[in-house]
Amino acid sequence: MPNQPISGNDLARFSGPQTFMRLPEAASAAALDVGFIGIPMDIGTSWRSGTRMGPKQLREQSAMIRPYNIQTGAAPFDALQCADLGDVAINTFSLSDSIRIITETYATHLKHDFIPMTLGGDHSLTLPVLRAIAAKHGSVALVHVDAHADVNDEMFGERETHGTVFRRAYEEKLITPDKVFQIGLRGTGYTADDFTEAAGWGFNQYLAPQMWHKSLSPLAAEIKAKIGDQPCYITYDIDSLDPAYAPGTGTPEIGGLTTPQALELIRGLRGLNIVGCDLVEVSPPYDTSGNTALTGANLMFEMLSILPGVPYR
């Protein structure tokens, strides 16, 4: 029987291990199908700090989640061996060194055949994770849900920050340009071509107003058809949601997705060959209620529920 989250009927949810969904801890990804990894980092962010506390609060709020997805029928823990691999030991005084550490840590874990699910942390962490993922799987398709395209060339002279991730990933051929889908883009920019340059590379971009008052299930089906069976990575920035739903983030933008739309999108991607996921930019100091982290933890569970091999009851 694969590892099971501790039941709230066996041990009260406000107690027990501080792991994701109160799963067992593991020191190695050997024998795992899925490993949850925290990257408590905010030294790559450009506005409000606090995402270093994201993984801790995502784990805390995940204690509320039960093992069966009653809405969809997904039963991930019936088949997948899951555990919490703890946090990456970043260098909190150096972004460049932290990026190196993240890549090396994931490369070590990815010697084993498992799917990493990352709890962030600011979005700069996705670049080193993608470097390790691409070293194993080759160039991947990318579903990038975010208010921001994160395709700046540099920020304050730095080329590796939370706003430059996908330009670097494109330059390094970590992602397949015409199978990159950026969903929820909005807000303001510095120039008229802030988004259009990446569209010229082949990125598929969907601005938030295109999705107002609509179901995202048809968009998910379109994306899935275009990606096919290519290995795919999902990176989910919590600021893709409207701040009415997720205020606890570093760079909020009004006019974003709703939580039902977020669920529709993820659920509609079931069937993709997903090789990794992350949920980034949860900043607990800006939401003392914990609702942003609760939402983020549930979106992680939804992504877990669509991984290859998950049975549906």
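About the thresholds
- Residues numbered from 1 in each chain as written.
- Predicted model: local features only at pLDDT ≥ 70, side-chain atom pairs only at ≥ 80, totals over all residues.
- Heavy atoms only, no water.
- Helix = DSSP H or I, 4+ residues; strand = E, 2+ residues; numbered from the N terminus.
- Rg over C-alpha atoms; globule rule 2.2 N^0.38 Å.
- Buried < 20%, exposed > 50% of the residue type's maximum accessible area, 1.4 Å probe, protein only.
- Contact = heavy atoms within 4.5 Å.
- Areas by Shrake-Rupley, 256 points an atom, 1.4 Å probe, with all protein chains shown as cover.
- Lys, Arg positive; Asp, Glu negative; His and termini not counted.
- Charge placed at Lys NZ, Arg CZ, Asp CG, Glu CD.
- Pairing = 2+ DSSP bridges.
- Axes fitted to C-alpha atoms, helices over the stretch in contact; angles between N-to-C directions.
- Phe/Tyr/Trp six-rings, centres within 6.5 Å; stacked < 30°, edge-to-face > 60°.
- Core = buried A, V, L, I, M, F, W, Y, C linked by side-chain atoms within 4.5 Å.
- Arc of directions from axis to C-beta.

Enquirer: Which parts of the structure should I look at to understand the overall build of the protein chain?
Expert: Scanning the protein chain for helices and strands turns up 8 helices and 8 strands. For the protein chain, whose C-alpha radius of gyration is 18 Å, the value lies close to the compact-globule estimate of 20 Å for 313 residues. For the protein chain, the C-alpha atoms occupy an extent of roughly 55 × 45 × 40 Å along the three principal directions. For the protein chain, the residues scored as buried account for 56% of the 313 residues in total. Once local pairs closer than 6 in sequence are excluded, the contacts in the protein chain between residues at least 24 apart make up 77%. Roughly 12500 Å² of accessible area belongs to the protein chain as shown, and the carbon and sulfur atoms make up 54% of that amount. Positive and negative charge centroids in the protein chain, built from 23 and 35 side chains respectively, lie 5 Å apart.

Enquirer: Would you take a moment to explain the sheet that holds strand E3 (residues 115-120) for this structure?
Expert: Whenever strands of a sheet pair, they do so through backbone hydrogen bonds, lying parallel or antiparallel. The strand order across the open sheet built from 8 strands is E2-E1-E3-E8-E7-E4-E5-E6, with neighbouring strands paired in parallel fashion. Single-partner strands in this sheet number two, and they are strand E2 (82-87) and strand E6 (204-207). Strand-to-strand, the axes of this sheet are offset by a mean angle of 15°, without reference to chain direction. Sheet topology note: the strand E1 (residues 34-39)/E2 ladder contains 4 bridges and is parallel. Counterpart to Gly35 in the pairing with E2 is Ala83. Of the strands in this sheet, E1, E2, E3 and strand E8 (274-280) are in contact with helix H1 (residues 54-62), which crosses E3 at around 110°. In the packing of helix H2 (residues 95-109) onto the sheet, the strands contacted are E1, E2 and E3, and the crossing angle to E1 comes to about 165°.

Enquirer: Where do I start with the packing of aromatic side chains in this structure?
Expert: The description of two aromatic rings rests on the distance between their centres and on the angle between their planes. Throughout the structure, instances matching the rule amount to 4 aromatic pairs. Geometrically, the ring pair formed by Phe20 and Phe36 is stacked, given 4.4 Å between the ring centres and 25° between the ring planes. Of this pair, Phe20 sits in the segment before E1 while Phe36 sits in strand E1; the two residues are 16 residues apart in sequence, bridging distant segments of the chain. For the pair shown, Phe20 and Phe36 are each scored as buried.

Enquirer: Quick question: what am I supposed to make of the nonpolar core here?
Expert: Most often, soluble globular proteins keep nonpolar side chains buried together rather than apart. Counting 52 residues, the largest nonpolar core has Ile183, Tyr236, Leu304 and Leu307 as the members making the most contacts within it. Among the elements that take part in this core, helix H8 (residues 291-305) stands out by supplying 7 residues, more than any other. If we skip the residues at most four places from it in the chain, Ile183 touches Val143, His144, Val145, Asp146, Tyr206, Met211, Leu219, Ile223 and Leu265. Ranked by size, the runner-up nonpolar core spans 40 residues in total, among them Leu32, Ile37, Ile39 and Tyr106.

Enquirer: I'm lost on helix H7 (residues 259-268) in this one. Help?
Expert: One turn of an α-helix holds 3.6 residues; hence residues three or four places apart share an orientation. Residues of H7 that are buried: Gln261, Ala262, Leu265, Ile266 and Gly268. Each buried residue of H7 sits inside an arc of 170° when the element is viewed along its axis, so together they form one side.

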